[in-house]
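Residue-level structural notes
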Amino acid sequence: MAREKSASEPDLKRICAFFFGGTFDPPHRGHYRIVSHILTENSRARVIVMPAAVSPLRGDARLFSYRQRFHFLRRLFYREIAAGRVILSRLEKKLPPPNYTVHTLAELGRFCAEKPVLVIGADQAENFARWHRAADLMKKYTFLVFARRGSAFAPEAGLTAEVVADFDENISATELRNQLAALAPAERLREMQRLLSAV
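Everything numeric here is computed off the predicted structure, so don't read it as measured data. Along each chain, numbering runs from 1 in the same order as the chain's sequence is written. Reporting of local features is limited, given that this is a predicted model, to residues whose pLDDT is at least 70; pairs of side-chain atoms are given and counted only at 80 or more, and all residues count toward the totals for whole chains, interfaces and linings. Only hydrogens and water are set aside; all other atoms, that is, all heavy atoms of the structure, feed into the side-chain values.

Overview of the pattern of salt bridges
Condition: By definition, a salt bridge exists where a carboxyl oxygen of Asp or Glu is found within 4 Å of a side-chain nitrogen of Lys or Arg. Comment: elements are numbered from the N terminus, with helices defined as DSSP H or I runs of at least four residues and strands as E runs of at least two. Relative accessibility thresholds used throughout: buried, under 20% of the residue-type maximum; exposed, over 50%; partly exposed, between the two (1.4 Å probe, protein chains only).
Evaluation of the coordinates by the stated rule reveals five salt bridges. With its nearest N and O atoms 2.9 Å apart, the salt bridge here joins Arg177 to Asp25. Linking Arg177 in helix H8 (residues 173-181) with Asp25 in the loop between strand E2 (17-22) and helix H1 (29-41), this pair joins segments that are 152 residues apart in sequence. A relative accessible area of 22% means that Arg177 is categorised as partly exposed. In this structure Asp25 comes out as buried when scored by relative accessible area, which is 3%. In this structure, the salt-bridge partner of Arg110 is Glu107, at a minimum N-O distance of 2.6 Å. Overall, Arg110 belongs to the exposed group, its relative accessible area being 61%.

Points about the side chain of Glu92
Under the convention used in this document: Any N or O atom pair separated by 3.5 Å or less is treated as a polar contact, with the protein-specific requirement of one donor-capable and one acceptor-capable atom, and with residues adjacent in sequence counted only for side-chain atom pairs. Contacts between residues were defined by any pair of non-hydrogen atoms, one from each residue, lying within 4.5 Å.
The residue Glu92 is located in helix H4 (residues 91-94) in this model. Side-chain polar atoms of Glu92 contact the side chain of Thr104, separated by 2.7 Å. Setting aside anything within four residues of it in sequence, one finds Glu92 in contact with Met50, Pro51, Ala52, Ala53, Asn99 and Thr104.

Looking at a positive patch on the surface
Short version of the rule: Every patch collects residues that have over 30% relative accessible area and no salt bridge, joining them within 9 Å if they carry like charges and within 5 Å if they are nonpolar side chains (Val, Leu, Ile, Met, Phe, Trp, Tyr). Throughout, the Shrake-Rupley method with a 1.4 Å probe supplies accessible areas, and for residues the shown protein chains are the sole cover considered. This count recognises Lys and Arg as positive and Asp and Glu as negative, with His and chain-terminal groups excluded. Taken as the charge location is NZ of Lys, CZ of Arg, CG of Asp or CD of Glu.
Taken together, the side chains of Arg67, Arg74, Arg90 and Lys94 present a region of like positive charge at the surface. Secondary-structure assignment places Arg67 in helix H2 (residues 66-76). The class of Arg67 is exposed, set by a relative accessible area of 71%.

Okay, structure coming up:
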């Protein structure tokens, strides 16, 4: 996969901590491939995967509860968790709402000696101006952005980022959510178990 670097970007192969947050409603193959890419590119990398309790930009409409999403993530990354390369964290669940990334990272800094790289998709990066205290995040953190093949995404001015510019994963999270939402709750859970088994 092609990588594009901003001029001030540090060498990510020397950085061990990566932060991958999100609603993960539901977790899917694309999430797994993002983490797998990081771990393959950097043999020393550890990825902190942290499901959001409440997303300020998405409201609180959920297909799955926090407990279910955490369970799905534990199943999705069970090999990487067992190997100590993925840390599945409940930290955000313990923080008072709303769950703004800037607050989560400040709390994480009390436990993590190394400042993590923030892992996001190009769609999140394109809406970055809407994030709470976006300017502070841009000033303090480096980002690793995954963009689908053919995307015209380019980091906005001031964003220190490395872009994986041809992330070849054709899954549509919106389409998957819509398919699952059309199912009865019990059938929805069965379908999620099937999808996770297929990763």
